[in-house]
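Fold and geometry: a report
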Amino acid sequence: MLFKNVCIESIAHYLPEEVVTSEKIESWLAPVYERLKLPFGRLEMMTGIRERKFWKPGTVPSEVSAQAGKLALEKSGISKDSINCLVHSSVCRDFMEPATASVVHEKLELSDNSMVFDLSNACLGFLDAMVVVGNMIESGIIKSALVVAGENGRPLVESTIDMLLHDENLTRETIKASFPSLTIGCGAAAAVLVHSSISKAKHQLLGGSFMASSKFSHLCQGGSTAPVAKNITMLMKTEAETLLQAGCQLARRTWEETKNTLKFTESNVKRFFCHQVGKAHRKLMFETLGIDLEKDFSTFEFLGNMGAVSLPVTLSMGVENNLVRSGDLIALLGIGSGINCMMLGIKW
């Protein structure tokens, strides 16, 4: 997959103010920890996540997606009237119907001459949306697009805590499937993509590669209504260790394809931005791909896993911190449950 005429005109992020530490979460789970004789500090020790941020109760995805979209539009200098396509790409949505993108479109007062839709693919949704609109730009269907995403992990974390506190059959073994849900945070991101002929920034989206290993789709599933105990449902179940190994192996294959497609090497790429999971995932991913960990920029320590916005928020923060310069080659290493992998290259 190669692009010749697609540019990322801007990228922006929008974050909550409320900070929730892993220590605080464990204090809420104190009765469970004490009953199962679990060591306090386990959550941060295992994941490297010391805190995450939460939106205020009642926040809906469209609200924060629109805020991120507004920031991206302001940074880009592109008129909102010239946006031809709006994609909402997070796991979280306001409702099943209509598309949450339609609410964001109204909030941003974008042109009626727009294609407006949702695209969701676990933690890979934002990158998938970039590829979809990139192809539309490359083919001449549109000139500019806005990709947004707003993740609200607060309900999942709070519901998981409530479930664990009330599950009388919980054991040291069965609690493991719920720990990844306690790492989730909140955030929003947006990017403006345009045809190179109208780009001023000239941050070129080069293309990349994608792969799927759907035989592992059972390793991380959310939204199940199947009871796991008396009147208790598993909101999200994750076989973290197996998912880690299978995900990194798929990432290795995808990285080889990406290098061949883009003529990238571990040495000529200046900076890597990855989906943020935790310290074990980060370490094994870079070891498996043979990449220098010094080229990474991580945010999971203070933001946790923010679903589809983890990677674009990290990229946006990296840009704000002047970690990339004009002409640098950047690699975006995306992965999501399913398992799906998408890796994209940018010439900044």
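Residues numbered from 1 in each chain as written. Predicted model: local features only at pLDDT ≥ 70, side-chain atom pairs only at ≥ 80, totals over all residues. Heavy atoms only, no water.

1. Description of the environment of S217
Under the convention used in this document: Helix numbering and strand numbering both begin at the N terminus, where a helix is a DSSP run of H or I of at least 4 residues and a strand a DSSP run of E of at least 2. Categorising residues by exposure relies on relative accessible area from a 1.4 Å probe, with only protein chains included: less than 20% of the type maximum marks a residue as buried, more than 50% marks it as exposed, and the intermediate range marks it as partly exposed. Contacts are residue-level and defined by heavy atoms, with any inter-residue pair within 4.5 Å sufficient.
By the element assignment, S217 lies in the loop between β8 (204–212) and β9 (220–222). A residue is classified by how much of its surface remains accessible, and S217, at 35% relative accessible area, is partly exposed. Put simply, S217 and G336 are 119 residues apart on the chain and 9.9 Å apart in space, counted from C-alpha to C-alpha. Sequence-distant contacts of S217, that is, excluding residues within four places in its chain, are made with G338 and I339.

2. Describing helix α11 (residues 310–320)
Three- or four-residue spacings in an α-helix give side chains the same orientation, since the helix completes a turn every 3.6 residues. The buried count for α11 comes to 9 of 11 residues, which makes it a mostly enclosed element. Buried within α11 are the following residues: S310, L311, P312, V313, T314, L315, S316, M317 and G318. Just downstream of α11, N322 is the residue with a positive phi angle, here 60°.

3. Things to note about the side chain of D167
Rules: In summary, the charge assignment counts Lys and Arg as positive and Asp and Glu as negative, without counting His or the chain termini. Salt bridges are identified by distance alone: a Lys or Arg side-chain nitrogen within 4 Å of an Asp or Glu carboxyl oxygen. Whenever two N or O atoms come within 3.5 Å, that pair is a polar contact, provided that in protein one can donate a hydrogen and the other can accept it, and provided that, for residues adjacent in sequence, both atoms are side-chain atoms.
Checked against the element boundaries, D167 lands in the loop between α7 (154–166) and β7 (187–195). Although D167 is buried, it forms no salt bridge, and the closest oppositely charged side chain is R35 at an N-O distance of 6.4 Å. At a separation of 3.0 Å, a polar atom in the side chain of D167 contacts the main-chain amide nitrogen of N169.

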